[in-house]
Amino acid sequence: QAFYQASDEYGILIYHDMMYAQGGHFPAVSDVQEEELRHNIRKLSSHPSIAIWDGCNECRVDMNSPTAIYANFVLTVVAEEDKSR
């Protein structure tokens, strides 16, 4: 939390990437992953320093491929939990 508090205090903007990577750790639509996403977003969304949430900054999302999960699942959960960004 200290990192986020200091970022808020000093005006540092954070590009918050989720814990996924295209080369090995894909998200899966599961209750466990959804709850982990919701927990982290709820815990951190009060910090104005978070400028953007991203599902996977290394990924090229193609809505007609398995990478669509980043938009259809990950960022949908983000949008439901944090309506301020």
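Since this is a predicted model, take the numbers as computed values, not measurements.

> Teacher, can you tell me more about the environment of Glu-36 here?
If you trace the backbone, Glu-36 turns up in helix H2 (residues 31-44). The exposure class assigned to Glu-36 is partly exposed, which follows from its relative accessible area of 38%. Residues Glu-36 and Tyr-4, 32 residues apart in the sequence, show an inter-C-alpha distance of 19 Å.

> Where do I start with the packing of H2 against helix H3 (residues 69-81) in this structure?
If you want to describe how two helices pack, look at the angle between their axes and the distance between the axes. At a minimum axis separation of 10 Å, H2 and H3 run at an interaxial angle of 40 degrees. Considered as vectors, H2 and H3 are oriented oblique to each other. Two packed elements cross with a definite hand, and for H2 against H3 that hand is right-handed. Contacts between H2 and H3 involve Gln-33, Glu-34, Leu-37, Arg-38, Ile-41 and Arg-42 on the former and, on the latter, Phe-73, Val-74, Val-77, Val-78, Glu-80 and Glu-81. The residue inventory of the contact of H2 with H3, partitioned by class, reads six nonpolar, one polar and five charged.

> What am I meant to see in the confidence of the model for the protein chain here?
A low pLDDT means the predicted coordinates there should not be read in detail. With 96% of its residues at a pLDDT of 70 or more, the protein chain has an overall mean of 91. Mean pLDDT values for the elements of the protein chain range from 94 in H3 up to 97 in helix H1 (residues 2-10).

> Can you walk me through the environment of Tyr-10 in this structure?
Positionally, Tyr-10 belongs in helix H1. Residue classification places Tyr-10 among the exposed positions, given a relative accessible area of 60%. Remark: the alpha-carbon pair of Tyr-10 and Ser-49, spanning 39 residues in sequence, is separated by 9.0 Å.

Conventions used here
Residues numbered from 1 in each chain as written. Predicted model: local features only at pLDDT ≥ 70, side-chain atom pairs only at ≥ 80, totals over all residues. Heavy atoms only, no water. Helix = DSSP H or I, 4+ residues; strand = E, 2+ residues; numbered from the N terminus. Buried < 20%, exposed > 50% of the residue type's maximum accessible area, 1.4 Å probe, protein only. Axes fitted to C-alpha atoms, helices over the stretch in contact; angles between N-to-C directions. Parallel < 35°, antiparallel > 145°, perpendicular 65-115°, else oblique. Left-handed = near helix turned anticlockwise from the far one by under 90°. Contact = heavy atoms within 4.5 Å. Nonpolar A, V, L, I, M, F, W, Y, C, P; charged D, E, K, R; others polar. pLDDT = per-residue confidence, 0-100.

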